[in-house]
Amino acid sequence: MVGTARYSEEFKQDAIKLVASTGRSINSVAKDLGVNTESLRKWVRTAEAAQVGGGGEPMTPAEREELKRLRKQVRELELEKEILKKAAQYFAKEMGR
């Protein structure tokens, strides 16, 4: 690809950490690293979105695991609810005969 630079994931993570830890602007860090400002901005936004939970605070690994467990439990409960709903409809129909 002509005109496009490929950066390793490690380089991107280091650039993101540099923005976060120094308090410098994305423009300043991008200029120092020789990276397109919008590319760095996109990396930072993506990293922030991946770390932020519903309350705006970064999620801990324990919270991520709990969220995963709770989502699975919700799916199971919704399936159970559908089964019970169909059973109730069946029995109501049978009682009406």
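Note: the structure precedes this text.
(A) Region of the structure containing the nonpolar core. Formed by Ala15, Ile16, Val19, Ile26, Val29, Ala30, Val35, Leu40, Trp43, Val44 and Ala47, the largest nonpolar core amounts to 11 residues. When contributions to this core are tallied by element, the ones reaching two or more residues are helix 1 (9-22), helix 2 (26-33) and helix 3 (37-51). With 4 residues, helix 3 is the largest single contributor of residues to this core. Ignoring sequence-local partners within four residues, the contact set of Val29 consists of Ala15, Leu18, Val19, Arg24 and Leu40.

(B) Representation of the packing of helix 2 against helix 3. Where helix 2 meets helix 3, the axes come as close as 9 Å, and the angle between the chain directions of the two elements is 120°. The pairing of helix 2 with helix 3 is recorded here as oblique in orientation. In the crossing of helix 2 with helix 3, the sense of the turn from one axis to the other is right-handed. Contacts between helix 2 and helix 3 involve Ile26, Asn27, Val29 and Ala30 on the former and, on the latter, Thr37, Leu40, Arg41 and Val44.

(C) Structural context of helix 2. Along helix 2, the residues that are buried comprise Ile26, Val29 and Ala30. One face of helix 2 carries all of its buried residues, which in axial projection span an arc of 100°. Summarising the geometry of helix 2, the exposed residues directed more than 90 degrees from the buried face are Lys31 and Asp32. Those residues of helix 2 that are buried lie in contact with helix 1 and helix 3. Following helix 2 by one or two positions, Gly34 has its phi on the positive side, about 75°.

(D) The packing of aromatic side chains, seen in detail. Going through the model one piece at a time under the given rule, you end up with 4 aromatic pairs. Look at Phe11 and Trp43: their rings are 6.3 Å apart centre to centre, the planes differ by 90°, and that puts the pair in the edge-to-face class. Remark: Trp43 occurs in helix 3 and Phe11 occurs in helix 1; sequence separation between them is 32 residues. Exposure remark for Trp43: the relative accessible area of 12% places this residue in the buried category. Seen from their ring centres, Tyr90 and Phe91 are 5.3 Å apart, and the 75° between their planes marks the pair as edge-to-face.

Rules and cut-offs
Residues numbered from 1 in each chain as written. Predicted model: local features only at pLDDT ≥ 70, side-chain atom pairs only at ≥ 80, totals over all residues. Heavy atoms only, no water. Core = buried A, V, L, I, M, F, W, Y, C linked by side-chain atoms within 4.5 Å. Buried < 20%, exposed > 50% of the residue type's maximum accessible area, 1.4 Å probe, protein only. Helix = DSSP H or I, 4+ residues; strand = E, 2+ residues; numbered from the N terminus. Contact = heavy atoms within 4.5 Å. Axes fitted to C-alpha atoms, helices over the stretch in contact; angles between N-to-C directions. Parallel < 35°, antiparallel > 145°, perpendicular 65-115°, else oblique. Left-handed = near helix turned anticlockwise from the far one by under 90°. Arc of directions from axis to C-beta. Phe/Tyr/Trp six-rings, centres within 6.5 Å; stacked < 30°, edge-to-face > 60°.

Bear in mind that shape data such as this cannot, by itself, settle questions of function.
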